[in-house]
Amino acid sequence: MESIFFQGASVRLHAIAAGPEDGPVVVLLHGFPEFWYGWRRQIEPLTAAGFRVIIPDQRGYNLSSKPTGVAAYALTELVSDVITIADQLGQEKIFLAGHDWGAAVAWSAALFHPQRIAKLVVLNVPHPSVMRKFLSTRPRQLLRSWYMFFFQLSWWPEAIFSAFDFRIGARALLRSSRPGTFSADDLVQYRAAWSQPGALTGMINWYRALFRARVQFPDKTVRVPTRILWGERDAFLLAEMAHESLRYCTSAELFTFASATHWLQHEEPARVSQLLIDFFRR
């Protein structure tokens, strides 16, 4: 396992790389408020299966660039980072998986650049059209997404998240996951990432940009083979959205985990890794 960097037009992305350099490339995208570390349990199984694994810190996070201004975190910019990684690895197509915000970027990459994504796996985030529909028509989902609106405020979210050594940030992980999912050592790693200069504003700017830079997809149908994995005890997102997302894909399958929460790849690491391997191999 090594640290590498990718240089985009305006950002420098840190990533962890592992596995045979000539293996098929799998890019794993983390969500909020994680960084590459959120996929650590998948590294060994995937590399043992012969894949070259690349896990970037997405822009605004940990050791990657943290550009100023909300516009720098528009979905089109986040997707461009994925394509930059594929280009610099010399890959015409990559296998792509994402969790949480990483899943939103992965969906969007498949919609904007279907010719560059061989296969897509998304964890606990629905197709963008489904998310929009449920936010506007389902009060239960709107209530669960309250924090997205809170994050639109200036500076105040950063102040609350970071107060008392990131107590709110750590508590959010602990309270929304199964007991024992995040250890004290894990929280030390997360606090270190959150403490990077400019990181909290960069991370939260993803939410601010979502409301201010509405994205129009050329086609709402995902034409890349897709596998959706969903922990049904997700405190943030209704499980109905996973089923609804299948309707927006030409070739998709859904695997649900009855006892898992939003933090699926942490709680069911072996099963998630195997589902990735089986899908990318066939």
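(A) Inspection of the overall build of the chain at higher detail. Counting its regular elements, the chain contains 12 helices and 8 strands. Computed over the C-alpha atoms, the radius of gyration of the chain is 17 Å, within 12% of the 19 Å expected from 2.2 N^0.38 for a compact globule of 282 residues. A principal-axis box enclosing the C-alpha atoms of the chain has dimensions of 45 × 40 × 40 Å. Expressed as a percentage of the 282 residues in the chain, the buried residues total 57%. Long-range contacts, defined as pairs at least 24 residues apart, comprise 75% of the intrachain contacts of the chain with a sequence gap of at least 6. Carbon and sulfur atoms form 54% of the exposed surface of the chain, whose accessible area is close to 11,700 Å². Across the chain, 30 positive and 24 negative side-chain charges occur, with their mean positions spaced 6 Å apart.

(B) Quick look at the pattern of salt bridges. Scanning all chains against the criterion turns up 14 salt bridges. Close ionic contact of E244 with K133 constitutes a salt bridge, the shortest N to O distance being 2.6 Å. Of this pair, E244 sits in helix α10 (residues 240-245) while K133 sits in helix α4 (residues 128-137), and the two are 111 residues apart along the sequence. E244 sits in the buried class, given a relative accessible area of 15%. R191 serves as the salt-bridge partner of D165, at 3.5 Å between the closest nitrogen and oxygen. Taken together, the positions of D165 in helix α7 (residues 156-175) and R191 in helix α8 (residues 184-194) put the pair 26 residues apart, joining distant regions of the chain. By relative accessible area, R191 is classed as partly exposed at 22%. It is possible to trace a salt-bridge network through shared partners that takes in R59, E77 and D81.

(C) Seen up close, a nonpolar patch on the surface. A cluster of nonpolar residues, L142, F149, L210 and F211, forms a patch on the protein surface that exposes about 320 Å² of accessible area. If you trace the backbone, F211 turns up in helix α9 (residues 199-212). Residue class for F211 comes out partly exposed when judged on its relative accessible area of 37%.

(D) Structural detail: the nonpolar core. In this structure, F32, F51, I54, L96, L120 and F280 are the most contacted members of the largest nonpolar core, which totals 101 residues. For this core, the element with the most residues is helix α3 (residues 101-112), which contributes 9 residues. Sequence-distant contacts of L96, defined by excluding residues within four places in its chain, comprise V27, L29, V82, A106, A109, I117, K119, L120, V121 and F280.

(E) Fine view of empty space enclosed by the protein. By the definition in use, this model includes 1 cavity of 30 Å³ or more. Its boundaries defined by the atoms lining it, the largest cavity holds a volume of some 50 Å³. Around the largest cavity, the lining residues are L13, L29, P56, D57, Q58, R59, L78, D81, V82, I85 and W206. Of all the elements, helix α2 (residues 75-88) adds the most residues to the lining of the largest cavity, at 4 residues. Of the residues assigned to the lining of the largest cavity, the class counts are 7 nonpolar, 1 polar and 3 charged.

(F) Representation of the sheet that holds strand β2 (residues 12-18) in the model. Read across the open sheet, the 8 strands follow the order β1-β2-β4-β3-β5-β6-β7-β8; overall the sheet is mixed. The sheet terminates laterally at β1 (2-7) and β8 (252-257), the two strands that pair on one side only. Pairs of neighbouring strands in the sheet enclose a mean axial angle of 20°, with direction left out of account. Here strand β6 (residues 117-123) pairs with strand β7 (residues 226-231) via 4 bridges, running parallel.

(G) Molecular detail of the environment of D278. Structurally, the position occupied by D278 is in helix α12 (residues 269-281). Residues D278 and A49 lie 229 residues apart in sequence; the distance between their C-alpha atoms is 9.7 Å. Within the structure, the side chain of D278 is placed 2.8 Å from the side chain of Q274, a separation counted as a polar contact.

Definitions and cut-offs
- The numbering scheme is per chain: residues are counted from 1 as the chain's sequence reads.
- Where local features are concerned, this predicted model is filtered to residues with pLDDT of at least 70; where side-chain atom pairs are given and counted, the filter is 80 or more; whole-chain, interface and lining totals use all residues.
- Neither water nor hydrogens contribute to the side-chain values; these are computed over all heavy atoms in the structure.
- The way it works is that DSSP assigns letters per residue, a run of H or I at least four long becomes a helix, a run of E at least two long becomes a strand, and they are numbered from the N terminus.
- The globule rule used for comparison is 2.2 Å times the number of residues to the exponent 0.38, while the radius of gyration itself is calculated over C-alpha atoms.
- Burial status follows relative accessibility: with a 1.4 Å probe on protein chains alone, a residue under 20% of its type maximum counts as buried, one over 50% as exposed, and anything between as partly exposed.
- Pairs of residues are marked as contacts when any of their non-hydrogen atoms sit within 4.5 Å.
- Only the protein chains shown count as cover for residues, with accessible areas throughout obtained via the Shrake-Rupley method and a probe of 1.4 Å.
- By the counting rule applied here, Lys and Arg register as positive and Asp and Glu as negative, while His and the ends of each chain are not counted.
- Charged side chains are reduced to one point each, which is NZ for Lys, CZ for Arg, CG for Asp and CD for Glu.
- We define a salt bridge as a contact between a side-chain nitrogen of Lys or Arg and a carboxyl oxygen of Asp or Glu at a distance within 4 Å.
- Patches here: salt-bridge-free residues with over 30% relative accessible area, like charges joined within 9 Å, nonpolar side chains (Val, Leu, Ile, Met, Phe, Trp, Tyr) joined within 5 Å.
- As used in this record, nonpolar core signifies buried Ala, Val, Leu, Ile, Met, Phe, Trp, Tyr and Cys residues forming a set joined through side-chain atoms within 4.5 Å.
- Grid spacing is 1 Å over the protein atoms alone, the probe is 1.4 Å, and a cavity is where that probe fits but cannot get out, while a pocket is an open set with protein on both sides within 12 Å along at least five of seven lines and lining residues have an atom within 4 Å of a point.
- Grid points are joined across faces, edges and corners, and a volume is the space filled by probe spheres set on the points.
- Residues are grouped as follows: nonpolar covers Ala, Val, Leu, Ile, Met, Phe, Trp, Tyr, Cys and Pro; charged covers Asp, Glu, Lys and Arg; every other residue, Gly included, is treated as polar.
- Strand pairing is defined by DSSP finding a minimum of two bridges between the two strands.
- Orientation is described by axes fitted as lines to C-alpha atoms, over the contacting stretch for helices, and by angles from 0 to 180 degrees between their N-to-C directions.
- Think of a polar contact as two N or O atoms within 3.5 Å of one another; within protein, one of them needs to be a possible hydrogen donor and the other a possible acceptor, and neighboring residues in sequence only count if both atoms come from side chains.

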